[in-house]
Amino acid sequence: MNSKGSAKSQTMNVTDGKSGLWGALAGLIVFALIAIPLSAAFSFATHPHTQQLFAGRLSDATTGGYQFFWWIVTIFLLALPFLVGFGVAKLSVKSLTIVGAVIALFVIAIMVLGQLFVF
């Protein structure tokens, strides 16, 4: 029902309405990256005899404090994919670029400092 004079060319934006899917994908990737630390934290929280594996402050803590610490770590690790997915779905491209660059610089700095002081 287009007439010759009223025909408009429209461009299709493939990212329209897809921010939720990108957020879900980012959350899934983060979940895959933290799956092993999450399972380790859960196993430390549910088996208090693993407290002997740690030297220092964790070995000096009470059994209840030790389990509480690992339950908090487990909850935070479990919440991380959801928080990342929500952030990716709600932030703009410019904000995500800035956050990604800051995280990349932070990871590089940690790797450099780890090589200097640990090894």
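See above for the structure.
Residues numbered from 1 in each chain as written. Predicted model: local features only at pLDDT ≥ 70, side-chain atom pairs only at ≥ 80, totals over all residues. Heavy atoms only, no water.

1. A look at the nonpolar core
Counting residues in hydrophobic clusters, the biggest one holds eight residues: Ile-34, Leu-38, Ala-41, Phe-44, Ala-45, Tyr-66, Trp-70 and Leu-77. Contributions of two or more residues to this core are made by helix H2 (35-46) and helix H4 (63-90). Here this core gets four residues from one element, more than from any other, and that element is H2. (Core = buried A, V, L, I, M, F, W, Y, C linked by side-chain atoms within 4.5 Å. Buried < 20%, exposed > 50% of the residue type's maximum accessible area, 1.4 Å probe, protein only. Helix = DSSP H or I, 4+ residues; strand = E, 2+ residues; numbered from the N terminus.)

2. Some thoughts on the packing of aromatic side chains
Per the stated rule, a full pass over the model turns up four aromatic pairs. Taken together, a centroid distance of 6.5 Å and an interplanar angle of 70 degrees make the contact between Tyr-66 and Trp-70 edge-to-face. Pair noted here: Tyr-66 and Trp-70 are both in helix H4, with a separation of four residues, about one helical turn. This pair shows no difference in class: Tyr-66 is buried, exactly as Trp-70 is. Classification of Trp-70 as buried rests on a relative accessible area of 11%. Taken together, the ring pairs connect Phe-44, Tyr-66, Phe-69 and Trp-70 into an aromatic cluster. (Phe/Tyr/Trp six-rings, centres within 6.5 Å; stacked < 30°, edge-to-face > 60°.)

3. Quick look at the environment of Val-88
Mapped onto the elements, Val-88 comes out in helix H4. Along the primary structure Val-88 and Ala-24 are separated by 64 residues, whereas in three dimensions their C-alpha atoms are 8.5 Å apart.

4. Observations concerning the side chain of Thr-74
Looking at the secondary structure, you find Thr-74 in helix H4. At 3.4 Å, the side chain of Thr-74 and the backbone nitrogen of Phe-42 are in polar contact. (Polar contact = N/O pair within 3.5 Å; in protein donor to acceptor, adjacent residues only side chain to side chain.)

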